[in-house]
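Next come the chains, spelled out residue by residue.
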Amino acid sequence: AAKEAGKNRYVHFRPEMHAALLARTQLTAGLRQSVELGQIAVHYQPVVSAGPDEVLQFEALVRWNWQGELMAPDNFITTAERSGMIREIGAEVLRRTCLELGPWLAGDPRRSVAVNVSGVQLQRRDFAEQVMDTIKSSGLDPRQLVLEVTESVFFDAHSHVIAQLETLRAAGIRVALDDFGTGYSSLGRLQELPVDIVKIDRSFVSMVVTGAEKLPILTSMIHMAKSLGLQVTAEGIETSAQARFLMEHHCDALQGFLFSRPRPATELEHALRTSVAGIAVVAKAATDAF
Ligand code: C2E
Ligand code: MG
Ligand code: MG
Ligand code: MG
């Protein structure tokens, strides 16, 4: 920070700046060690289809086993992006996901898993190649993999970032635009982006509190994405009123605590059962309403 302030200015190094720096260094060292020791865990959250009551997709969400506690990604992803560790973490998450979900995926070509990808990973020119190598060696069908990216990836995207996404899509891998609506790009720009799926951010879903509101932004986001031929998933569904509203507005898939929290691979069966039961209740209530 002192360097960035320029030659002629003197920035006092405050104690709290030092503490923040130290914490980040420790976090990075801890992360590096954990990746080497295999202490990166992945939890999986079902994404339920709004049509037939089936679970056809999971989202893989990283967890860090640190000093006996399971740390959520919001506490370490930014630091991991700054240090570049996100590349190792991302590679590990993909490997682990292929391994842990392989048996479930192998049963049905329509089943898929979504993995989050940071823009920092896409900066590397060999990213697409690495992804292809990992899924090839695990036997996963590329059509069963979805990569979730946020709008920021496209901001100052170099042509090689777009080119890599295109290469991956040409191989059958789908790209989802995560947290849709929170970025700065206009709805119109959606048309130009190399994406197959749009995930509507939870902040829009949470506006549906009784199911009776007029929610023009939410509904036009769904409508726009659908008219471009994209699959629409709504995230952060916590109430059955929200689920019903989104089903009535033709969302293709729903994800949220209402159906299941993210769970370790050993609890997939439980997550599937509760999700299928949940969507059946919501679907019945939606039918009864007419
Ligand atoms: P995201 O990709 O948008 O993932 C959805 C987040 O919303 C998850 O938080 C999930 O647990 C949470 N969520 C799901 N349903 C509900 C709900 O009904 N209510 C509420 N309040 N929250 C819900 P999580 O697991 O803490 O992950 C946070 C973010 O960290 C993710 O947001 C994603 O941006 C990032 N992330 C997670 N795993 C990875 C990873 O492997 N690589 C990278 N680069 N980023 C990751
Ligand atoms: Mg995501
Ligand atoms: Mg999201
Ligand atoms: Mg998010």
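Residue positions are given per chain, counted from 1 along the sequence in the order it is written. For naming, the first written chain is A and the first written ligand is 1, with later ones following in the order written. Thresholds applied to this predicted model are a pLDDT of at least 70 for local features of residues and 80 or more for the giving and counting of side-chain atom pairs; totals over whole chains, interfaces and linings are not thresholded and use all residues. Side-chain numbers come from the whole structure's heavy atoms, not from hydrogens or water.

For the chain, the name recorded in an unreviewed UniProt entry is EAL domain-containing protein, with Arthrobacter oryzae as its organism.

Visitor: Could you give me a rundown of the coordination of the magnesium ion (ligand 2), with the residues and numbers involved?
Guide: Shown as donors are all N, O and S atoms within 2.8 Å of a metal ion, widened to 3.2 Å for Na, K and Ca; because water is not in the atom set, sites may appear incomplete. Protein-derived ligands of the magnesium ion (ligand 2) are E59 (OE), N116 (OD1), E148 (OE) and D178 (OD), with the metal-ligand distances lying across 2.0 to 2.3 Å. All donors to the magnesium ion (ligand 2) come from one chain, and their sequence spacing reads E-x56-N-x31-E-x29-D. In this structure, the magnesium ion (ligand 2) lies 4.1 Å from the magnesium ion (ligand 3), and both are coordinated by D178. Residue N116 is located in strand β4 (residues 112-116), and its partner E148 is located in strand β5 (residues 145-150); the two are separated by 32 residues in the primary sequence. Judged by its relative accessible area of 3%, E148 is buried. Put simply, DSSP marks the helices as runs of H or I at least four residues long and the strands as runs of E at least two long, and each gets a number from the N terminus on. Working definition: with a 1.4 Å probe on protein chains only, accessible area under 20% of the residue-type maximum means buried, over 50% means exposed, and in between means partly exposed.

Visitor: I'd like to hear about the environment of I222, residue by residue, with values.
Guide: The topology assignment puts I222 in helix α9 (residues 216-227). Any pair of residues with heavy atoms lying within 4.5 Å of one another is described as a contacting pair. The residues touching I222, leaving out its near neighbours within four places in the chain, are I200, V232, L246, H249, H250 and C251.

Visitor: Provide a residue-level description of the site of ligand 1, including the pertinent values.
Guide: The rule for a residue being near a molecule or strand is that one of its heavy atoms must lie within 4 Å of it. Among the 23 residues in the neighbourhood of ligand 1, the closest are listed as R63, N116, D178, E238 and F257. The contact in question runs from an oxygen atom of ligand 1 to an N or O atom on the side chain of E59, over 3.0 Å. In this structure, an oxygen atom belonging to ligand 1 sits 3.0 Å away from a side-chain N or O atom of D179. When residues of the shell around ligand 1 are assigned to their parent elements, the largest contribution, 4 residues, is made by strand β2 (residues 55-66). For the shell around ligand 1, the residue count by class is 9 nonpolar, 5 polar and 9 charged. Here a polar contact is taken to be a pair of N or O atoms separated by no more than 3.5 Å, where protein atoms must pair a possible hydrogen donor with a possible acceptor and residues adjacent in sequence count only if both atoms sit in side chains. Amino acids outside the nonpolar list (Ala, Val, Leu, Ile, Met, Phe, Trp, Tyr, Cys, Pro) and the charged list (Asp, Glu, Lys, Arg) are all regarded as polar, and Gly is one of them.

Visitor: Quick rundown of the side chain of Q255? Include the residues and the values.
Guide: Position of Q255 among the secondary structure elements: in the loop between β9 (253-254) and β10 (263-264). Engagement of the side chain of Q255 in a polar contact is seen with the side chain of K199, the distance being 2.8 Å. Beyond its immediate stretch of four places on either side in the chain, Q255 contacts Q45, P46, V47, E59, K199, T233, A234, E235, G236 and I237.

Visitor: Residue-level account of the side chain of S112, with values.
Guide: Positionally, S112 belongs in strand β4. According to the relative accessible area criterion, S112 is buried, its value standing at 4%. Side-chain polar atoms of S112 contact the side chain of Q57, separated by 3.3 Å.

Visitor: Please set out the pattern of salt bridges residue by residue, giving values where relevant.
Guide: Salt bridges are defined by distance alone: a side-chain nitrogen of Lys or Arg within 4 Å of a carboxyl oxygen of Asp or Glu. Taken as a whole and judged by the stated rule, the model has 13 salt bridges. Across the salt bridge formed by R95 and E92, the nearest N and O atoms sit 3.0 Å from each other. On the criterion of helical spacing, the pair formed by R95 and E92 is a turn pair, its members being 3 residues apart in helix α3 (residues 86-106). By relative accessible area, which is 12% here, E92 ends up buried. With its nearest N and O atoms 2.7 Å apart, the salt bridge here joins K199 to E148. With K199 in strand β7 (residues 197-200) and E148 in strand β5, this pair connects stretches of sequence that are 51 residues apart. According to the relative accessible area criterion, K199 is buried, its value standing at 2%. Several salt bridges share partner residues, and in doing so they unite E59, E148, K199 and E235 into one network.

Visitor: Kindly report on the packing of aromatic side chains, identifying the contributing residues and their values.
Guide: Here a pair means two rings of Phe, Tyr or Trp (six-membered ring of Trp) with centres within 6.5 Å. Their orientation is stacked below 30 degrees between planes, edge-to-face above 60, and tilted elsewhere. Counting across every chain of the model gives 3 aromatic pairs. Ring geometry for F58 versus W104: centroids 4.9 Å apart, planes at 80 degrees, classification edge-to-face. Of this pair, F58 sits in strand β2 while W104 sits in helix α3, and the two are 46 residues apart along the sequence. By relative accessible area, which is 11% here, W104 ends up buried.

Visitor: If you had to explain α9 to someone new, which residues and values would you point to?
Guide: Each helix should span, by expectation, one fewer than its residue count multiplied by 1.5 Å. Look at α9: 16 Å from first C-alpha to last across 12 residues, which is about the 16 Å you get at 1.5 Å a residue. Among all positions in α9, only L218, M221, I222 and A225 are buried. For α9, the arc enclosing every buried residue in end-on projection is 95 degrees, short of the 170-degree limit, so these residues lie on one face. In α9, the exposed positions angled more than 90 degrees off the buried face are occupied by P216, H223 and S227. Buried positions along α9 lie against β6 (174-180), β7, α8 (202-205), β8 (231-234) and α10 (240-248). Throughout, the arc means that of the directions going from the helix axis to the C-beta atoms.

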